[in-house]
Structure formats: C-alpha cells, structure tokens
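# Report on the structure
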Amino acid sequence: MTAPIPRPSPHHRHDGDGWVECSFGGEPHRHWGRFGAAGLFLARRSPDGRVADVVLQHRALWSHHGGTWGIPGGALASGEDVVAGALRESAEEAGIVPAAVRIIGQHTVDHGLWRYTTVVAEPAGSARIEPRATDAESLEVRWVSRRSVSRLPLLPAFAVALPSLLALCDRPEVSSI
Ligand SMILES: [Zn+2]
C-alpha cells in the first residue's frame, strides 16, 4: 500500500482525524478516523417509491482512494455519535442542511478496532436539496441517477455496501414510515 498523501490544511480538524491500523480479515490495512467514521447516503425517490438518485462525492485526488466516487463523510470526533458525525460531515463537504434530511436507517461495517456507519436518509418532506462541493475534500458533489452510479469508479468499500444501502431504501416498511 502506498503512503497516504498528507491532507492539505483542512478547515475542520478535530481529535478523530488520524489513521487506524487494522488487521481485520488478515491483510493489514488502514482506515481514516481514530474513533471510526460515518457518512451520509442521501437518496431521493421517483413517484413509484424506488430510489431514483443518490448524492455522491467525487473524492479529491489527494484523499484516500482519490478520484473515486463515494458519499460525503469522514472521521468521527471523540464522543460524537454516528448520526451527528454523518450530518456534520455532509454539511461541511456538501452543503447539506441537517434539518432538510430524514434518517431512515443505518448500515455499519465493523472491523473491530474501527467501524464505518453509513447513515441512510432522504429529503425531509418536500425539502429540495441541491448538494455541492463546499470544501477541498471533493472535486464535485451532486445527485447521480441510480442507473449511472455503477458506471462510475466507486470507492471500493462504497461499491461493496451499495446493494445493501439501496435495499435498505427500497424496503417497503422503510419508505412507508
Ligand atoms: Zn479494517
């Protein structure tokens, strides 16, 4: 594995910023976020109730897996719960107003010493959300149609989680809450 490129003086440093060495699954690797990490998977539906578009972040080239597409997110601060962290990161990176989203579920990848929680949400009520890149972590942040997502080079971990995230959104009991 190549050494990570140092992050350019981020605007929003906190005590969770840092790498965690991980041996989950046998092969040594590392994760960003001393207290774990969280991100926001924001989906909007077509009239039939299925997910039509999701908000994706084209990751800055200097970042881990730079140039791939994933979701707004990042390291949790100490004591920060996953929902608060995901909403803070998506506000910082994508200009998404926390009050404009409604949370419908969570999906967690647990590596023991480190975990990543994807907070799954949709626009609250009739909220119209126009995400955009609001800091240096992104080349671009925008709605991507469901059928276009799989044609993009995805962050590997996001590609693995994507079917579960879409299934969570498409579950009828979730959309009818
Ligand atoms: Zn790991």
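Residues numbered from 1 in each chain as written. Predicted model: local features only at pLDDT ≥ 70, side-chain atom pairs only at ≥ 80, totals over all residues. Heavy atoms only, no water.

### Digging into the packing of aromatic side chains
Heads up, the condition is: Aromatic pairs are defined between Phe, Tyr and Trp rings, using the six-membered ring for Trp, whenever the two ring centres lie within 6.5 Å; interplanar angles under 30 degrees are classed as stacked, those over 60 as edge-to-face, and all others as tilted. Counting from the N terminus, the helices are the DSSP runs of H or I reaching at least four residues and the strands are the DSSP runs of E reaching at least two. Burial classification: accessible surface area is computed with a 1.4 Å probe over protein chains only, and a residue below 20% of its type maximum counts as buried, one above 50% as exposed, and the rest as partly exposed. A positively charged side chain is recorded as over a ring if its NZ (Lys) or CZ (Arg) lies within 6 Å of the ring centre. The angle to the ring normal must also be within 35 degrees.
Within the structure shown, the criterion is met by three aromatic pairs. Centre to centre, the rings of F41 and F158 are 6.2 Å apart; their planes meet at 50 degrees, and the pair counts as tilted. Placement of F41 in strand 3 (residues 37-45) and of F158 in helix 3 (residues 156-170) is noted, with a sequence separation of 117 residues between them. Neither residue differs from the other here; F41 and F158 are each classed as buried. In this arrangement the basic side chain of R30 is found over the ring face of W19, its NZ or CZ atom lying 5.6 Å from the centre. Here the basic side chain of R44 rests over the ring of W143, its NZ or CZ set 4.2 Å away from the ring centre.

### Topic: the pairing of strand 2 (residues 29-32)
Side-chain positions along a regular strand alternate between the two faces of the sheet. Here is the rule we go by: Two strands are said to pair when DSSP picks up at least two bridges between them.
Here four bridges tie strand 1 (residues 19-22) to strand 2, and the two strands are oriented antiparallel to one another. By the bridge assignment for strand 2, C22 is matched with H29. Connecting strand 1 to the antiparallel partner strand 2 that follows it, the hairpin turn spans six residues, and G25 within it adopts a positive phi of roughly 85 degrees.

### Regarding the pairing of strand 8 (residues 115-123)
Burial analysis of strand 8 places seven of its nine residues in the buried class, the great majority of the element. One ladder, built from six bridges, connects strand 3 with strand 8; its direction is parallel. Residue pairing for strand 8: F41 is matched across the bridge by V120. Examined bridge by bridge, strand 7 (residues 101-110) and strand 8 share nine bridges and lie antiparallel to one another.

### Remarks on unusual backbone geometry
Backbone geometry at H65 places phi at a positive 55 degrees, although glycine is not the residue there. Take H65: it is sitting in the loop between strand 4 (51-59) and strand 5 (69-70).

### So, the coordination of the zinc ion
Cut-off, in case you're wondering: Note on donors: an N, O or S atom is included if it sits within 2.8 Å of the metal, or within 3.2 Å for Na, K and Ca, and water is never included, so sites can look incomplete. Every angle between 85 and 135 degrees makes a four-donor site tetrahedral, while opposite donors more than 155 degrees apart, with all other angles between 65 and 115, make a four-donor site square planar and a six-donor site octahedral; other sites are irregular.
Each protein donor to the zinc ion is listed here as C22 (SG), H29 (NE2), H31 (NE2) and H111 (ND1); together their distances run 2.0 to 2.2 Å. Considering all four donor atoms around the zinc ion, the spread of angles at the metal, 100 to 122 degrees, places the coordination shape in the tetrahedral class. Here the donor residues of the zinc ion share one chain and are spaced in sequence as C-x6-H-x1-H-x79-H. Using a relative accessible area of 11% as the deciding quantity, one classes H31 as buried.

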